[in-house]
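# A closer look at the structure
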Amino acid sequence: MSQTKEERVHQVFQSIYKKYDLMNSVISFQRHKAWRKDTMKIMQVQKGNRALDICCGTADWTIALAEAVGENGQVIGLDFSENMLKIGQEKIQQLQLNQANLVLGNAMELPYDDASFDFVTIGFGLRNVPDYMQVLAEIHRVVKPGGKAVCLETSQPTIPVFKQLYFFYFKRIMPLFGKMFAKSYEEYSWLQESTMAFPDRAKLAEMFKEAGFEHVEVKAYSGGVAAMHMGIKTRDE
């Protein structure tokens, strides 16, 4: 019997969790940290805010949010891979971030009340969910009026030649890196497939608007290999 996308993704992340952080650095040439840092500046998180980081993986963005909201704030990191959360929990305990909690859950059905969070983030996870629009609708539901939804995700360059090199890298080189560094050729082949199938920046911006967000801001990074999308939930909802 063929696997659903959700089952396949779960299997991938349950397998690669030990090498996930290393591979992120290898694949992005360490740039993912700079992209997240710049995105955090744009977000302007305040002390005491409440944030939800979905598809949180090993919790790097959850930790950045927890440091930004301070001891009087609260951050929840949610992911459906127990193994990824295990790594994240070790980091949080080491840093003694009592304002951060990790939860096993599904981005397609967020276990939170409407209008619960000042910020909802999803980093390099939207491409892996079964239904992009359902997840964006769930994010819109749990964001407070005036709150922000922020997605940092791989994207597709539009610059000629660079675009072709990028596709070659993702299709041919990245799975080889997976085999070399993480002994996981098939898993990293899957990740490049999900990246190639993901909507481009303009399409994702339209999807944010369709989900109900306004003032959608888009910023491309490193020639368009990644992009931030940020939308605001209107105050009169």
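Every value quoted in this text rests on a predicted model; they were computed, and no experiment measured them.

## Let's talk about the packing of helix α6 (residues 132-142) against helix α9 (residues 201-210)
The N-to-C vectors of α6 and α9 enclose an angle of 50 degrees; their axes lie 9 Å apart at closest approach. When the interaxial angle is binned, α6 and α9 end up oblique. When the axes of α6 and α9 are compared, the crossing they make is right-handed. Along its contact with α6, which presents Y132, M133 and L136, the element α9 presents M207, F208 and E210. Residue composition of the contact of α6 with α9, grouped by class: 5 nonpolar, no polar and 1 charged.

## Observations regarding the packing of helix α4 (residues 60-69) against helix α5 (residues 82-95)
One way to put it is that α4 packs onto α5 with a least axis distance of 10 Å and a crossing angle of 25 degrees. On the basis of their axis angle, the class for α4 and α5 is roughly parallel. Every pair of crossing elements has a handedness; the one defined by α4 and α5 is right-handed. Every residue of α5 that contacts α4 at D60, I63 and E67 is listed here: K91, I92 and L95. Of the residues contributing to the contact of α4 with α5, the split by class is 3 nonpolar, no polar and 3 charged.

## Concerning α5
End to end, α5 covers 20 Å across 14 residues, agreeing with the expected 20 Å (1.5 Å per residue, within 8%). Looking at α5, one finds that the buried residues are N83, M84, L85, I87, G88, K91 and I92. At the exit of α5 stands Q96, carrying a positive phi of roughly 55 degrees.

## Observations regarding the packing of aromatic side chains
All told, the structure shown has 4 aromatic pairs when counted by the stated rule. Between F208 and F213, the aromatic rings sit 5.6 Å apart at their centres with planes inclined by 40 degrees, giving tilted as the arrangement.

## Description of the pattern of salt bridges
Pairs can form between side chains of opposite charge whenever their charged atoms are close. Tallying each qualifying case throughout the model produces 7 salt bridges. Residue K91 is joined to D60 by a salt bridge in which the shortest nitrogen-to-oxygen separation is 2.7 Å. Of this pair, K91 sits in helix α5 while D60 sits in helix α4; the two residues are 31 residues apart in sequence, bridging distant segments of the chain. Looking at D60, the relative accessible area reads 25%, which means it is partly exposed.

## Some thoughts on the sheet that holds strand β6 (residues 213-221)
Hydrogen bonding along the main chain pairs the strands of a sheet, whether they run parallel or antiparallel. Pairing within the open sheet is mixed, and its 7 strands lie in the order β3-β2-β1-β4-β5-β7-β6. Looking at which strands have only one partner, the edges of the open sheet turn out to be β3 (100-104) and β6. In this sheet, neighbouring strand axes are inclined to one another by 15 degrees on average, regardless of whether the strands run parallel or antiparallel. Strand direction decides the pairing type here: strand β1 (residues 50-54) and strand β2 (residues 74-79), joined by 5 bridges, are parallel.

Here is what the cut-offs are and how they apply
- Sequence order as written defines the numbering, with residues in each chain counted from 1.
- Reporting of local features is limited, given that this is a predicted model, to residues whose pLDDT is at least 70; pairs of side-chain atoms are given and counted only at 80 or more, and all residues count toward the totals for whole chains, interfaces and linings.
- Side-chain numbers come from the whole structure's heavy atoms, not from hydrogens or water.
- Only the stretch in contact is used when fitting a helix axis, every axis being a line fitted to C-alpha atoms; angles between N-to-C directions are given from 0 to 180 degrees.
- Per the convention used, a helix needs a DSSP run of H or I reaching at least four residues, while a strand needs a run of E reaching at least two, with both numbered from the N terminus.
- Should an angle lie under 35 degrees it is considered roughly parallel, over 145 roughly antiparallel, and from 65 to 115 roughly perpendicular; all remaining angles are considered oblique.
- Left-handed describes a crossing whose near helix is turned anticlockwise from the far helix through less than a right angle; right-handed describes the clockwise counterpart.
- Contacts were defined at the residue level, with two residues in contact if any of their heavy atoms lie within 4.5 Å.
- Each residue receives one of three labels: charged for Asp, Glu, Lys and Arg, nonpolar for Ala, Val, Leu, Ile, Met, Phe, Trp, Tyr, Cys and Pro, and polar for the others, Gly being one of them.
- Here, expected helix span is obtained from the residue count minus one, scaled by 1.5 Å.
- Under the scheme applied here, a residue whose accessible area is under 20% of the maximum for its type counts as buried, over 50% as exposed, and between as partly exposed, the area being computed with a 1.4 Å probe on protein chains only.
- Here a pair means two rings of Phe, Tyr or Trp (six-membered ring of Trp) with centres within 6.5 Å. Their orientation is stacked below 30 degrees between planes, edge-to-face above 60, and tilted elsewhere.
- Note on definitions: salt bridges are taken to be side-chain nitrogens of Lys or Arg within 4 Å of carboxyl oxygens of Asp or Glu.
- In this description, strands pair whenever DSSP reports at least two bridges between them.

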